[in-house]
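Commentary on secondary and tertiary structure
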Amino acid sequence: MNADEILRMFCATEHEKREWMRNPILIDEFLYATNGHIAVRVPDAPGVVAHSFLEITVESRTLLRTMFLVDIPGPGVPIPDLTAPIPCSECGGTGHQERRECPECGGSAPLGCQKCQGDGFIVSPAPTGEACEYCEGYGENPFIPVAVAESHFDAHYLRLLQKLPNAMLHPDGMNAAACVFDGGMALIMPMAV
Ligand SMILES: [Zn+2]
Ligand SMILES: [Zn+2]
């Protein structure tokens, strides 16, 4: 797995309003990627197409840099074995959805429309196309807590960390946990359960 493949796993999909999160970003000698729940940092590498740090606000830039300045106590724990993913209830596991004009109200979205509940469109599972909003394109049900030491983490994010070489997690029961792997470091927010 090269730096670009690692970074892409952590980028946000097109649902993220903050467009800069959809691509890796280069700040000084590190490349970063985040979807707001999970983040990764690897040393600058050739072949990675990244935003310049000038494209994000000073606040976001500072946050990205400082959140990786965390204590890494002890050797950490490996990512636990995870049960098979439960296919997303909204997209059936494809990770994609299709948005069609509501056949009932024609998209004019009267508040009373029962069919689309005032959205003006109907969302249905699709084999390709835009990322499913509910599972963010991961294809599995989100919000499945997995206990690791004192913390709980969402299974579909742990599944990403599991793909990283020799990943070790450092949960402290409260804050974003560092995940150190060969060639970089990731951060994962714990779930409140
Ligand atoms: Zn409608
Ligand atoms: Zn889905």
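Nothing here was measured: the structure is a model prediction, and the numbers come from that model.

**Comments concerning the environment of Gly183**
Looking at where Gly183 falls in the secondary structure, it is placed in the loop between strand 12 (177–181) and strand 13 (184–188). By the C-beta count within 10 Å, which is 15 here, Gly183 ends up partly exposed. Discounting chain neighbours no more than four positions away, the residues touching Gly183 are Val42 and Pro165.

**Observations concerning the nonpolar core**
Soluble globular proteins tend to pack their nonpolar side chains together in the buried interior. One finds Leu161, Cys179, Ala186 and Ile188 to be the most contacted residues of the largest nonpolar core, which totals 37 residues. Put simply, the parts of the chain that give this core at least two residues each are helix 1 (3–10), strand 1 (25–27), strand 2 (30–34), strand 3 (38–43), helix 3 (155–162), strand 12 and strand 13. Apart from residues lying up to four places away in sequence, Ala186 is in contact with Ile38, Ala39, Val40, Leu161, Leu164, Cys179 and Phe181. Counting residues in each nonpolar core, the second largest holds five residues, with Cys88, Cys132, Cys135 and Tyr138 among its members.

**So, the sheet that holds strand 7 (residues 121–125)**
In space, the three strands of this open sheet follow the order 7-6-8, with antiparallel pairing throughout. Each edge of the open sheet is held by one strand with a lone partner, namely strand 7 and strand 8 (130–131). Note that strand 6 (residues 96–101) and strand 7 share five bridges and pair antiparallel. The residue bridging Gln97 from the neighbouring strand is Pro125, located in strand 7.

**Topic: the sheet that holds strand 3**
Read from one edge to the other, the open sheet built from eight strands follows the order 4-1-2-3-13-12-11-5, with strand pairing classed as mixed. With partners counted over all chains shown, the strands left at the sheet margins are strand 4 (51–52) and strand 5 (77–78), one partner each. With three bridges connecting them, strand 11 (residues 168–170) and strand 12 associate as antiparallel partners. Considered in strand 12, the bridge of His170 is made with Ala178. In the packing of helix 2 (residues 58–67) onto the sheet, the strands contacted are strand 1, strand 2, strand 3 and strand 13, and the crossing angle to strand 1 comes to about 75°. Packing against the sheet, helix 3 makes contact with strand 3, strand 11, strand 12 and strand 13, and its axis sits at approximately 175° to strand 13.

**Section: the pairing of strand 2**
With four of five residues buried, strand 2 lies mostly within the body of the structure. Pairing between strand 1 and strand 2: three bridges, direction antiparallel. Bridged to Leu26 within strand 2 is Leu31. In textbook terms, the turn of a hairpin is the stretch between consecutive antiparallel strands, and for strand 1 and strand 2 this stretch comprises two residues, one of which, Asp28, has a positive phi near 55°. Note: strand 2 against strand 3, five bridges, orientation antiparallel. By the bridge assignment, Tyr32 is partnered in strand 3 with Arg41. Between strand 2 and strand 3, which pair antiparallel one after the other, the connecting turn spans three residues, and Gly36 there sits at a positive phi close to 100°.

Rules of the game
- Residues numbered from 1 in each chain as written.
- Chains lettered and ligands numbered in written order.
- Predicted model: local features only at pLDDT ≥ 70, side-chain atom pairs only at ≥ 80, totals over all residues.
- Helix = DSSP H or I, 4+ residues; strand = E, 2+ residues; numbered from the N terminus.
- Buried ≥ 20, exposed ≤ 12 C-beta atoms within 10 Å, placed from the backbone.
- Contact = placed C-beta atoms within 7 Å.
- Core = buried A, V, L, I, M, F, W, Y, C linked by C-beta atoms within 7 Å.
- Pairing = 2+ DSSP bridges.
- Axes fitted to C-alpha atoms, helices over the stretch in contact; angles between N-to-C directions.

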